[in-house]
Amino acid sequence: MTSPVYLDHHATTPVAPSVFEAMRPYFTEVFGNPGSLGHAYGWQAQEAVGTARAQVARLLNAAPSEILFTSGATESNNLVLKGLVGARRGRSTHIVTTATEHKSVLDPLARLSRDGIRVTVLPVAGDGRLPLDLLERSLGEDTALISVMAANNEIGTLQPLEAIGRLARERGILFHTDFTQAAALLSLDVQKVPVDLLTLSGHKMYGPKGVGALMVGSGRSGAELIAQLDGGGQEQGLRAGTLNVPGIVGLGEACDLARKSRESDAQRLTTLRDHLKETLAAALGDLRINGTWTHRLPNNLNVSFPGVDGEALLHALPEVAVSSGSACNAASGEPSHVLLALGLDPGLARATLRFGLGRPTTADDVDFAAARVIEAIRRLRPVSPGMDTPVAT
Ligand SMILES: *Cc1c(COP(=O)(O)O)cnc(C)c1O
């Protein structure tokens, strides 16, 4: 059996060959602990971590001293939210976010809210974007942080980072963005766009799993965080634990690769993604596309098929690796909170496919996937002629 065509790059990406090669010596040869400052094994590991820190910083035009290594985006997001609240103990703290954030932002905030922190989860417009006037109206004297993702992992919607950042800076509020989905494809210069805290993950950008980063802007007062892992004092005391040297080397290399190839990757994937959309539309009629088309990740297409059962749809597509509208909550089978926030009803949210193209995706992959999807939809779609809407049962 040949492997299915992989169009699920929002879930994870393969490690790029050059990233894997860069990591390899750090498992077996250069295995020292970067905290061992008494011998060459430690020095070599420390030097490799320093190089990677500079590579991550360069991707964002940040300073190397502003980059902390973590175990991934989930940890970075938890560290920002819980770390900031911890540092502000005793002061009234309000945090503003959106309903379409990743669960690694929403769940920590739900916990903090149960603990008495004031949290505002703003709705988004029908196209997935955060209306700035809503954001502005939600801000108060005690607002300490705005956390809004750069690019959504389900619908690819890009949020207006620059405008949010400017508003935050005017009001003296910190701005955190989860940049995980954007890092491989979009550029961001933190000297120009006012972002104070930024989350990255290795495995969403052709690096390894289990490593990520948090940028903590040093120029901003109030950006103090309290560690969530205490121990050996690594990472400026903000994240204890022996550094994952091979993973960190891989993340650094992945950042270098992203910096060099993001522009051409974005162009190529936009063309392929648009071709996928047009092929599906030509065969299936008007597509119900979720999220704005204009402010969108180049590699994302998210489509709902009214009247089709989501579960049956995935089962009908064994040769195409994609996610459905309940992907992120696969265990619970709950429909996606992102699609519900756009106003889709649970049935339509489940009848949704998320396509995530990636660096290895070819035109043949896209044509093959489109043909399989068209076949499956024609088979599963309600058979009333000329009808696109669910048939009541
Ligand atoms: C995947 C993802 C995460 C979680 O990243 P991990 O490194 O797997 O913890 C967080 N935010 C977004 C937007 C993601 O896509």
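Residues numbered from 1 in each chain as written. Predicted model: local features only at pLDDT ≥ 70, side-chain atom pairs only at ≥ 80, totals over all residues. Heavy atoms only, no water.

A.B. asks: For unusual backbone geometry, give the residues involved together with the corresponding values.
C.D. replies: For residues besides glycine, phi is generally negative; the peptide bonds are generally trans as well. Of note, Glu 235 is a non-glycine position whose phi angle comes to about 50 degrees, a positive value. By the element assignment, Glu 235 lies in the loop between β8 (212-216) and α8 (245-284). Given the relative accessible area of 7%, Glu 235 is considered buried. (Helix = DSSP H or I, 4+ residues; strand = E, 2+ residues; numbered from the N terminus. Buried < 20%, exposed > 50% of the residue type's maximum accessible area, 1.4 Å probe, protein only.)

A.B. asks: Describe the site of the ligand, naming the residues involved and giving the relevant values.
C.D. replies: The local shell around the ligand holds 13 residues, among which Thr 74, Asp 178, Gln 181, Ser 201 and Lys 204 are the closest. With respect to the ligand, the backbone of Ala 73 contributes an N or O atom lying 2.9 Å from an oxygen atom. When isolated, the ligand has an accessible area of 390 Å², and the protein chains bury 88% of it. When the residues that make up the shell around the ligand are grouped by side-chain class, the tally is two nonpolar, nine polar and two charged. (Near = heavy atom within 4 Å. Polar contact = N/O pair within 3.5 Å; in protein donor to acceptor, adjacent residues only side chain to side chain. Areas by Shrake-Rupley, 256 points an atom, 1.4 Å probe, with all protein chains shown as cover. Nonpolar A, V, L, I, M, F, W, Y, C, P; charged D, E, K, R; others polar.)

A.B. asks: Outline the domain arrangement of the chain, supporting the account with residue identities and numerical values.
C.D. replies: Under the domain assignment used here, the chain contains domain 1 (5-12 + 262-383) and domain 2 (17-257). Contacts between domain 1 and domain 2 engage 30 residues on the former and 31 residues on the latter. When domain 1 packs against domain 2, the two sides together hide about 2600 Å² of surface, and 55% of this comes from carbon and sulfur. The three residues of domain 1 that bury the most area against domain 2 are Arg 262, Leu 297 and Arg 359, which together make up 28% of that side's buried surface. Remark: the boundary between domain 1 and domain 2 carries zero salt bridges. Applying the counting criterion to the domain 1 and domain 2 interface returns 13 residue pairs in polar contact (both at pLDDT 80 or more). (Domains from an automatic or database assignment. Contact = heavy atoms within 4.5 Å. Buried area = accessible area lost by both parts, 1.4 Å probe. Salt bridge = Lys/Arg side-chain N within 4 Å of Asp/Glu carboxyl O.)

A.B. asks: Could you give an account of the sheet that holds strand β10 (residues 300-304), naming the residues involved and the relevant values?
C.D. replies: The strand order across the open sheet formed by four strands is β9-β10-β13-β12, and the pairing between neighbours is antiparallel. Across the chains shown, the open sheet's two edge strands, defined by having one partner strand only, are β9 (288-289) and β12 (323-324). By the bridge criterion, two bridges tie β9 to β10 in an arrangement that is antiparallel. When the sheet's bridge partners are listed, Ile 289 is paired in β10 with Val 303. Sitting on the sheet, α8 touches β9, β10 and β13 (352-356), and the angle it makes with β10 is about 20 degrees. (Pairing = 2+ DSSP bridges. Axes fitted to C-alpha atoms, helices over the stretch in contact; angles between N-to-C directions.)

A.B. asks: Explain the sheet that holds strand β5 (residues 143-147) to me, and be specific about the residues and the numbers.
C.D. replies: An order of β2-β8-β7-β6-β5-β3-β4 is seen for the seven strands of this open sheet, with the pairing classed as mixed. Across the chains shown, the open sheet's two edge strands, defined by having one partner strand only, are β2 (67-70) and β4 (118-122). Ignoring which end each strand starts from, the neighbouring axes of this sheet average 20 degrees apart. Along the sheet, helix α4 (residues 73-87) makes contact with β2, β3 (94-98), β5, β6 (174-178), β7 (197-201) and β8, crossing β7 at roughly 155 degrees. Lying over the sheet, helix α5 (residues 103-114) contacts β3, β4 and β5, oriented at roughly 150 degrees with respect to β3.

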